[in-house]
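Inside the fold
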Amino acid sequence: MELTGLNRTDSATAGQGYYSAGQSLRLRRLSSRVSNQNATPHFDWGSSREGGEDGNEEEPQNVRELPMPFGLRKAVRQVQQMRIPVASRRMRQSRALKRFSAEAKNALALVTLWRRAIHQIGGHFGGGVQSYFVFLRFLVVLNFLSFLLIAAFVLIPGIVFHSLDLSSSVPQLPNSTNITGKEECMVYDPNPGALTVFYTYFLDLLSGTGFMEYSYMFYGYYNNTLVVANGFSYNIPLAYLLTASFYFIFCFICIIVRMGGVARVAVTTGGGAARSYSMMVFTGWDYGLQGDRATKLKKNNIRYQLQVDLEEERIKLKTQSQTLLQTVGLYSLRAFLNLVVIGLIIGAFFGITLATRYSQETDKTQNGILDLLLEYLPSIVITASNFVVPFLCDQIALLEKHSPSTTIILALLRAVFLRLVSLGVLLATLWLNITCNSKPDECIPCGYNYGQYQCWETRVGQEMYRLALFDFLTTIAVLILVEFPRRMVVDNCSWKLIKWVGRQEFLVPPNVLGLVYAQTVVWTGTLFCPLLPLVNTIKLIIIFYCKKVTLFHNCRPATKTFRSTSSNIVFFLVLMFGWILATTVLIYSIAELHPSFGCGPFRFSSTMWSTIPNSFQGLSNTTQEFLRYVGSQAFSIPLFIFSCVLLCYVAAVASVYGKSVALLRTQLQLEGRDKQFLVKQIEELTQKLGIPKHDRDPMVLSHGGAPWEQQQDGHS
Amino acid sequence: MGNKQTIFTPQQLDAYQDCTFFTRKEILRLYQRYRDLAPQLVPLDYTSKPDVKLPYQLIGSMPELKDNPFRQRIAEVFSEDGEGNMTLDDFLDMFSVLSEMAPRDLKAYYAFKIYDFNNDDFICKSDLENTLTKLTRSELTEDEVRMVSEKVLDEADLDNDGRLSLEDFQHMIVRAPDFLSTFHIRI
């Protein structure tokens, strides 16, 4: 009894790894053997809680986190409750509040979109695939909220003012424009003919021309009305511009918030050692996996990983003993292959430029499928290059002989660069056409290429709409024409080669890149096609269900582990990169390009941006003074200095924490060595002092402990 | 959904809510799962605190645990008698720790216990070899098992005593980004 009592207090201090000098070696050994699951390592029964109510409020939370068996936990809880004889009102309130917040969180989780489906996907395919669907859900919510924003401030006022056909609306003419010589630029006739064949409606839907061109879908339909009625004024051009800017800022904030959560996890885990054996052994098994097939695959996966890692170690040892000549050869090969890759990418860009030029400049006189194909030519070329070039790069990467993790990162970077910059190239070609870079004479009358584009913003919007739509059609087509047949062939055909190729594997990086690309297209296009977020929301919802179906029917779980945590942050970084590209496009269009005379809310301004200075005059004096102050140097320079100081402070705090972590780690190692040293010393001392034999517990000896114990046994 | 359930007294439900990470609804749902394993053994009325233990075979046949190579160890760690036979309390405790709301330290403590096959509060080389065998369907050669165990001890053993203590394990878990998402059973 006494021993167990001592045992209890021993285990309470066992966590610190320190034993007082009074306790002999025997007790320590005994305690470590006897302590079983029912030991309570870190809970101090005898402590008296000071601090009254504040300390007690945290305890209900803490009971759950105690690592002890359930019965003991309930006992602890009872003890805590008994210690508070009268539950004060504040205590009761705080408890009720905690319960309420738990229930509220529960209710909120019910409202979360597709919670059950994503849960199921994670169970069968693991965290990597689940992160793709979580990312998809994030984009759906983002697009839907953006659509609500645009609908509230641009679409609904537009509809209201159109239907009311306000004759009191005065087209706002800024004082400085001279429009006398520009009547020819104001002609805009989007509706070609009255009677059209029925199927052209379908073609128009796909290409954004015809009945769709002059509709709420595109920029050209909105008027530059300024409505002033009964003390209520609404300025559509200003609303359009501000909504577009706010939409971008809103998306930026959402991404940053999401990224912050992910980055916090990545930073606290120190970026994760790339392939650490201990992590693979102890955290490699996904406890959520169910099903015989999935678990077998996971076991094979882990075995494969371990074998690959051991092999990599051997190769690394071998390469370290490589000669200088071989290293130089390898690096020159890599440089050459990188040049080849860059050449391929530039070739793709060139193809896109040619296709865009051809598509924009050819007259589309005949209606029909040929016209549709011509309009879709840039999209087709972009999609084709997005399939072909990464495939070739993957084959080239096999020759480069990087380590597997480096190969994956390189492939991802190359694919990102290709996709987003090809979009940039398309836009640059369009822009060059609009500002007639090659033929400067055509731009003189109207300030933009009127000959080709009566309303250039709508054309750009149409191009973005087509890109989005084609991307969607390609995804569905690949699903139907490639993945389902592949599964049917693999399941029904018994050739060895087919079985070896096997079912489709759901690769997360290419799919996520597709999502980022689609989102970037939507961002660049929203200024010219306000309903594009709605189109994208519907598209993403359909893609969710299609991908889910194909995942469960056609795919097998991945053979290579996919580190979801560290890759999540890469996805958000790539999304940010797309956002930056879209913002550049936005700023350029707003500030530099001349809006069309014939259509849109900015038809009489010299640039889209000029609406803001013009409406600035309409504000009250104090607001003007305030805004002038905010924009002046007297405000911005101190702000800049202050943010620099804040940044330096945060960086300094971070480095101090890093240093203290390193210090603690070395301290831990030193303490371990101290413990061993002290143990040896105690052994020597007991030997010297000649502790009698009957004090040495036979149970301890038969435990077969350290070698020196056996020596003692044989000693006497 | 309100207060109409007659399985537990309100005090019992409160205690469960405080001692696990589950809400009221989830506790009742888990009770149903527990009962579905053996409807004739589990009474409908827990207000009298019956002493009912389900044998390990039933627990190990649950779809969430059936294919897990560590299911026996999980049941042994969370059961009162150490043999895998679980009462409702043990059942709730197990799924509470394995749920997504449990904090990292708590999960690390129980993970350590699960991988400690011989229950000596240390993960020694034989425990590691056991773990590896279960993880890879015994398809690694003896040499490879030995090499991997040595590497693991190299990396994680900070006080250099040839085996992993709870502190070593927890220190290593802190650096693992995926631990919270893999040590998680969805029920």
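Residues numbered from 1 in each chain as written. Chains lettered and ligands numbered in written order. Predicted model: local features only at pLDDT ≥ 70, side-chain atom pairs only at ≥ 80, totals over all residues. Heavy atoms only, no water.

1. So, the overall build of chain A
Defined as follows: Secondary structure elements follow DSSP: runs of H or I of four or more residues count as helices, runs of E of two or more count as strands, with numbering from the N terminus. Residue burial is assigned from relative accessible area. The probe radius is 1.4 Å, only protein chains are included, and a residue is buried under 20% of its type maximum, exposed over 50%, and partly exposed in between. Residue burial considers only the protein chains on display, and all accessible areas are found by Shrake-Rupley using a 1.4 Å probe.
Across its full length, chain A carries 26 helices and 4 strands. For chain A, the residues scored as buried account for 41% of the 716 residues in total. A total of about 39600 Å² of accessible surface is found on chain A, and carbon and sulfur atoms cover 66% of it.

2. Considerations on the overall build of chain B
Threshold: Residue contacts are defined here by distance: any two heavy atoms, one from each residue, within 4.5 Å place the two residues in contact.
In terms of regular secondary structure, chain B is built from 10 helices and 0 strands. When its C-alpha atoms are laid out on the principal axes, chain B stretches across 60 × 30 × 25 Å. Contacts in chain B between residues at least 24 apart in sequence constitute 55% of all its contacts with a sequence separation of at least 6. A total of about 7700 Å² of accessible surface is found on chain B, and carbon and sulfur atoms cover 48% of it.

3. A look at a positive patch on the surface
How we decide: Like charges within 9 Å and nonpolar side chains (Val, Leu, Ile, Met, Phe, Trp, Tyr) within 5 Å are joined into patches, using only residues over 30% in relative accessible area that form no salt bridge. Here a salt bridge means any side-chain nitrogen of Lys or Arg lying within 4 Å of a carboxyl oxygen belonging to Asp or Glu. Only four residue types enter the charge count: Lys and Arg as positive, Asp and Glu as negative, with His and the chain ends excluded. A single reference atom marks each charge: NZ on Lys, CZ on Arg, CG on Asp, CD on Glu.
On the surface, a cluster of positive charge is made up of R115(A), R116(A), K25(B) and R29(B). Of all the secondary structure elements, the ones that give two or more residues to the positive patch are α7 (115-125) of chain A together with α2 (24-37) of chain B. Note on placement: K25(B) falls in helix α2. When its relative accessible area of 38% is taken as the criterion, K25(B) is described as partly exposed.

4. Here we look at the pattern of salt bridges
One side chain can pair with another of opposite charge once the charged atoms of both are near each other. All names here are of chain B. Inspection of the entire model under this criterion finds 16 salt bridges over all chains. In this structure, E64 and R33 form a salt bridge, with 3.0 Å as the shortest nitrogen-oxygen distance. One end of the pair, E64, is in the loop between α3 (56-60) and α4 (71-78); the other, R33, is in helix α2, with 31 residues separating them in the sequence. On the basis of relative accessible area, E64 is assigned to the buried category, the value being 7%. Put simply, K125 and E150 hold a salt bridge, and the shortest N to O gap is 3.8 Å. A residue pair is termed long-range when its members are at least 10 positions apart, and K125 in helix α7 (residues 125-135) and E150 in helix α8 (residues 142-156) qualify at 25 residues. Assessed through its relative accessible area of 36%, E150 is described here as partly exposed. Several salt bridges share partner residues, and in doing so they unite K125, D143, R146 and E150 into one network.

5. What to know about the interface of chain A and chain B
What counts is decided by this rule: Distance and chemistry together define a polar contact, namely a pair of N or O atoms within 3.5 Å, with one atom able to donate a hydrogen and the other to accept it when in protein, and with adjacent residues in sequence counting only for side-chain atoms on both sides. Just so you know the grouping, Ala, Val, Leu, Ile, Met, Phe, Trp, Tyr, Cys and Pro go in nonpolar, Asp, Glu, Lys and Arg go in charged, and all remaining residues, Gly too, go in polar.
With 66 residues of chain A in contact, the opposing surface of chain B contributes 74 residues. Viewed at the interface, chain B and chain A are joined by 3 salt bridges. R77(A) serves as the salt-bridge partner of D18(B), at 2.9 Å between the closest nitrogen and oxygen. Across the chain A-chain B interface, the total number found is 15 residue pairs in polar contact (both at pLDDT 80 or more). Counting residues per element, the ones that place at least two in the side of chain A that touches chain B are α4 (59-64), α5 (70-83), α6 (89-111), α7, α11 (277-283), α12 (292-320), α21 (564-591) and α24 (633-689) of chain A. The dominant element in the side of chain A that touches chain B, judged by the number of residues it contributes, is α12(A), at 12 residues. Residue composition of the side of chain A that touches chain B, by class: 20 nonpolar, 27 polar and 19 charged.

6. Thoughts on the confidence of the model for chain B
Note the threshold: One confidence number per residue, pLDDT, is output by the predictor and ranges from 0 to 100.
Across chain B, pLDDT averages 87, with 98% of residues at or above 70. Here the predicted complex carries an ipTM of 0.88, next to a pTM of 0.71.

7. What to know about the UniProt feature "domain: EF-hand" (unreviewed entry) in chain B
Residues and elements named next belong to chain B. Condition: UniProt positions are given in the numbering used here, feature names are shortened, and annotations may be inferred rather than shown by experiment.
Under the UniProt annotation, the feature "domain: EF-hand" (unreviewed entry) is placed at residues 103-138 and 144-179. The straight-line gap between the two end C-alpha atoms of residues 103-138 is 32 Å; of that span, 64% is helix and 0% is strand. Here residues 144-179 is 64% helix and 0% strand, with 24 Å between the C-alpha atoms at its ends.

8. A few points about α4(B)
Residue and element names in this part refer to chain B. Here α4 lies mainly inside the structure; 6 of its 8 residues are buried. Where α4 is concerned, the buried positions are R73, I74, A75, E76, V77 and F78. Elements in contact with the buried residues of α4: α3, α5 (88-97) and α6 (104-115).

9. Some words on the side chain of K547(A)
Residues and elements named next belong to chain A. The topology assignment puts K547 in helix α20 (residues 532-554). Summary of buried charges: K547 has no salt-bridge partner, and the nearest side chain of opposite charge, E483, is 5.2 Å away. With sequence-adjacent residues up to four places away left out, K547 is seen in contact with Y132, F133, T475, F506 and N511.

10. Focus: the confidence of the model for chain A
Per-residue pLDDT for chain A has a mean of 76; in total, 78% of the residues score no lower than 70. For chain A, helix α1 (residues 2-14) of chain A is the element with the lowest average pLDDT, namely 39, and α20(A) is the one with the highest, namely 91.

11. Some details on the state of the cysteines
All names here are of chain A. This is how the line gets drawn: The criterion for a disulfide is a pair of cysteine sulfur atoms lying within 2.5 Å.
Scanning all chains against the criterion turns up 0 disulfides over all chains. Free of any disulfide, C648 has its nearest neighbouring cysteine sulfur in C644, separated by 6.6 Å. Residue C648 is classed as exposed on the basis of its relative accessible area of 55%.

12. Regarding the nonpolar core
The condition that has to hold: Among buried residues, those of type Ala, Val, Leu, Ile, Met, Phe, Trp, Tyr and Cys that are joined through side-chain atoms within 4.5 Å constitute a nonpolar core.
Counting 107 residues, the largest nonpolar core has F133(A), F135(A), W456(A), W523(A), L575(A) and M608(A) as the members making the most contacts within it. Per element, the largest residue contribution to this core is 15 residues, and it comes from helix α8 (residues 127-164) of chain A. Once you skip the residues sitting within four places of it in the chain, W523(A) turns out to touch L142(A), Y247(A), F248(A), C251(A), I255(A), L575(A), G578(A), W579(A) and A582(A). Residues Y46(B), M62(B), F70(B) and L166(B) belong to the second largest nonpolar core, which totals 76 residues.

13. Remarks on a nonpolar patch on the surface
A cluster of nonpolar side chains, contributed by L113(A), V141(A), F144(A), L145(A) and L148(A), occupies part of the molecular surface with about 390 Å² of accessible area. When you line up the elements, L113(A) lands in the loop between α6 and α7.

14. Looking at the environment of L54(B)
Topologically, L54(B) is positioned in the loop between α2 and α3. The buried category is assigned to L54(B), whose relative accessible area is 0%.

15. Side note on the UniProt feature "transmembrane region" (unreviewed entry) in chain A
Residues and elements named next belong to chain A. This chain's UniProt record puts "transmembrane region" (unreviewed entry) on residues 134-161, 238-257, 335-356, 376-399, 411-432, 464-482, 569-591 and 635-657. Helix and strand shares over residues 376-399 are 96% and 0% respectively, and the end C-alpha atoms of the span are 36 Å apart. Taken end to end, residues 635-657 is 100% helix and 0% strand, and its first and last C-alpha atoms sit 34 Å apart.

16. Considering the packing of α12(A) against α8(B)
The test is simple: Interaxial angle, 0 to 180 degrees, is taken between N-to-C directions of lines fitted to C-alpha atoms, where a helix line uses only the stretch in contact. What sets the label is the angle itself: under 35 degrees gives roughly parallel, over 145 gives roughly antiparallel, 65 to 115 gives roughly perpendicular, and the rest give oblique.
Put simply, α12(A) and α8(B) touch, their axes get as near as 11 Å, and they point 75° apart. On the basis of the axis angle, α12(A) is roughly perpendicular to α8(B). Taken together, the residues of α8(B) that come into contact with α12(A) (itself represented by L306(A), Q307(A), L310(A), E313(A) and R314(A)) are E144(B), M147(B), V148(B) and K151(B). In the contact of α12(A) with α8(B), the residues fall into 4 nonpolar, 1 polar and 4 charged.

17. Focus: the side chain of D168(B)
Residue and element names in this part refer to chain B. Tracing the chain through its elements places D168 in helix α9 (residues 166-174). Take D168: its relative accessible area is 2%, and that puts it in the buried class. With near-sequence residues (within four places) excluded, D168 lies in contact with A156, D157, L158, D159 and R163.

18. A closer look at α8(B)
Our working rule: Expected helix span is computed as 1.5 Å times (number of residues minus one). Each direction from the helix axis to a C-beta atom contributes to the arc, which is the arc of those directions.
Between the first and last C-alpha of α8(B) there are 21 Å, a value that for 15 residues agrees with the 21 Å anticipated at 1.5 Å per step. Residues E144(B), V145(B), V148(B), S149(B), V152(B), L153(B) and A156(B) constitute the buried set of α8(B). Viewed end-on, α8(B) has its buried residues packed into an arc of 165°, placing them on one side of the element. Packed against the buried residues of α8(B) are α11 and α12 of chain A together with α7 and α9 of chain B.

19. Observations concerning the packing of aromatic side chains
Worth spelling out the cut-off: Aromatic pairs are defined between Phe, Tyr and Trp rings, using the six-membered ring for Trp, whenever the two ring centres lie within 6.5 Å; interplanar angles under 30 degrees are classed as stacked, those over 60 as edge-to-face, and all others as tilted. Sitting over a ring, as applied to charges here, requires NZ of Lys or CZ of Arg to be within 6 Å of the ring centre and within 35 degrees of the ring normal.
Per the counting criterion, the structure on display carries 40 aromatic pairs over all chains. Taken together, a centroid distance of 5.6 Å and an interplanar angle of 65° make the contact between F138(A) and F572(A) edge-to-face. With F138(A) in helix α8 and F572(A) in helix α21, this pair connects stretches of sequence that are 434 residues apart. Here F138(A) matches F572(A) in class, with each residue buried. With a centroid separation of 5.7 Å and an interplanar angle of 50°, the aromatic rings of F8(B) and Y46(B) are classed as tilted. One end of the pair, F8(B), is in the segment before α1 (10-19); the other, Y46(B), is in the loop between α2 and α3, and 38 residues separate them in sequence. Here the aromatic cluster, defined as three or more aromatic residues joined through ring pairs, consists of F282(A), Y287(A), F70(B), F112(B), Y115(B), F169(B), F179(B) and F183(B). Above the face of the F117(B) ring, R73(B) is positioned so that its terminal group lies 5.6 Å from the ring centre.

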